[in-house]
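# Architecture and fold: a report
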Amino acid sequence: MSWSKPARLCITKRFEETLERIKTEHLGDRRWARAREKFEERLVRVVEALLNDPFAHPMEPLPRGMDLKEWQLRKIRFDIPGMNWTDRKFRVLYFYNPQTHTVVLARAYTHAEFEGRPSDEEIRAAYDEARLASSS
Amino acid sequence: MGASVANLEELTSVRTVELLKHHTPQVSELLEQARNLQRLARQVETGWGQIPAEAKIILKDFGYSLNQSYLRPNPWQMPRVISFLIKAVIKGEIPALLKFGNALLEAQEAILCQVERENSSYQAAVADAIDDVVGGRDPGREMSLEEFRELVKTGKALHH
């Protein structure tokens, strides 16, 4: 089904809360004002583009046994300027219903919230080991 | 899964980093590595479940190592890096560099997304979001793009 007009936009309470938490925790300080402004502008631009092309972002696999009926679960990904690396990896889970042409922004998070980062020592050891192997 | 563990080591930890840090890469090397990284991203996205545990560790190290300070050029290496960039501009090689950089980010994002999905808290967060929207617990309230812009800038709608 193709639509000539932008999709309808809906926002859950959880999205509002998680977005606000990210902004407060990571960009709340006055010295981050410029980064915060850039981030806000980018998020609005990305959502505006999303409403014109709800399929633009990749589908997200579902937890086992979950049924979405007519909905699709997709994920927006982009970097927040100025933040630490894993905090910078910003994501929004959104649902799209092609039948009603509705986009629902459901939850915001950063990669740091769900990371599985090896320790610095493990990363360094793996890097050194691989470099040695390649030079021998 | 097409890549063996040894291939992954070649593809990730060393090859990509050394390519940029320890010598001046040729355009053909950058383009070849960009293709390898794009292939890796596709394998990670579509076949993560079939990747051996040992290979997953290598991939995670790679995904997270790109932010490590010891992988960045040292100050005394910067003149060489700048010289390389200037030559790349003059010789019209910037598209190859960009292609390589984008492929690197694409592979990294694919890995980090799989790391998230392995986290039980993430699975719970997704299940909550599905309960909200599909289950009807919080289907969301409609707003215009202008209202959304206002919400993003001020958080005002939270306090309605």
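Residues numbered from 1 in each chain as written. Chains lettered and ligands numbered in written order. Predicted model: local features only at pLDDT ≥ 70, side-chain atom pairs only at ≥ 80, totals over all residues. Heavy atoms only, no water.

### A few points about the pattern of salt bridges
Enumeration over the complete set of coordinates arrives at 24 salt bridges over all chains. A salt bridge links Arg34(A) to Glu37(A); the nearest nitrogen and oxygen atoms lie 3.0 Å apart. Taken together, the residues Arg34(A) and Glu37(A), both in helix α2 (residues 33-52) and 3 residues apart, mark about one turn of the helix. Take Arg34(A): its relative accessible area is 47%, and that puts it in the partly exposed class. Each of Glu60(A), Lys75(A), Arg77(A), Asp79(A), Arg88(A), Lys89(A), Arg91(A), Glu109(B), Glu116(B) and Arg117(B) takes part in a single network of salt bridges with overlapping partners. (Salt bridge = Lys/Arg side-chain N within 4 Å of Asp/Glu carboxyl O. Helix = DSSP H or I, 4+ residues; strand = E, 2+ residues; numbered from the N terminus. Buried < 20%, exposed > 50% of the residue type's maximum accessible area, 1.4 Å probe, protein only.)

### Observations regarding the interface of chain A and chain B
Taken together, the contact between chain A and chain B spans 60 residues of the former and 51 residues of the latter. When the two sides are added together, the surface that chain A and chain B hide from each other amounts to roughly 5000 Å², 63% of it contributed by carbon and sulfur. Put simply, chain A and chain B have 9 salt bridges between them. Residue Glu109(B) pairs with Arg91(A) through a salt bridge whose shortest N-O separation is 3.0 Å. The tally of links between chain A and chain B comes to 17 residue pairs in polar contact (both at pLDDT 80 or more). For the side of chain A that touches chain B, the elements supplying multiple residues, two or more each, are β1 (8-11), α1 (13-27), α2, β2 (72-79), α3 (85-88), β3 (89-97), β4 (102-110) and α4 (120-135) of chain A. No other element matches α4(A), which puts 9 residues into the side of chain A that touches chain B. Within the side of chain A that touches chain B, the residues separate by chemical class into 29 nonpolar, 5 polar and 26 charged. Examined bridge by bridge, β1(A) and strand β1 (residues 141-142) of chain B share 2 bridges and lie antiparallel to one another. Each residue of the ladder has a partner; that of Cys10(A), found in β1(B), is Glu142(B). (Contact = heavy atoms within 4.5 Å. Buried area = accessible area lost by both parts, 1.4 Å probe. Polar contact = N/O pair within 3.5 Å; in protein donor to acceptor, adjacent residues only side chain to side chain. Nonpolar A, V, L, I, M, F, W, Y, C, P; charged D, E, K, R; others polar. Pairing = 2+ DSSP bridges.)

### Things to note about the environment of Arg149(B)
Note that Arg149(B) resides in helix α7 (residues 145-154). Separated by 110 residues in sequence, Arg149(B) and Arg39(B) have C-alpha atoms that sit 37 Å apart.

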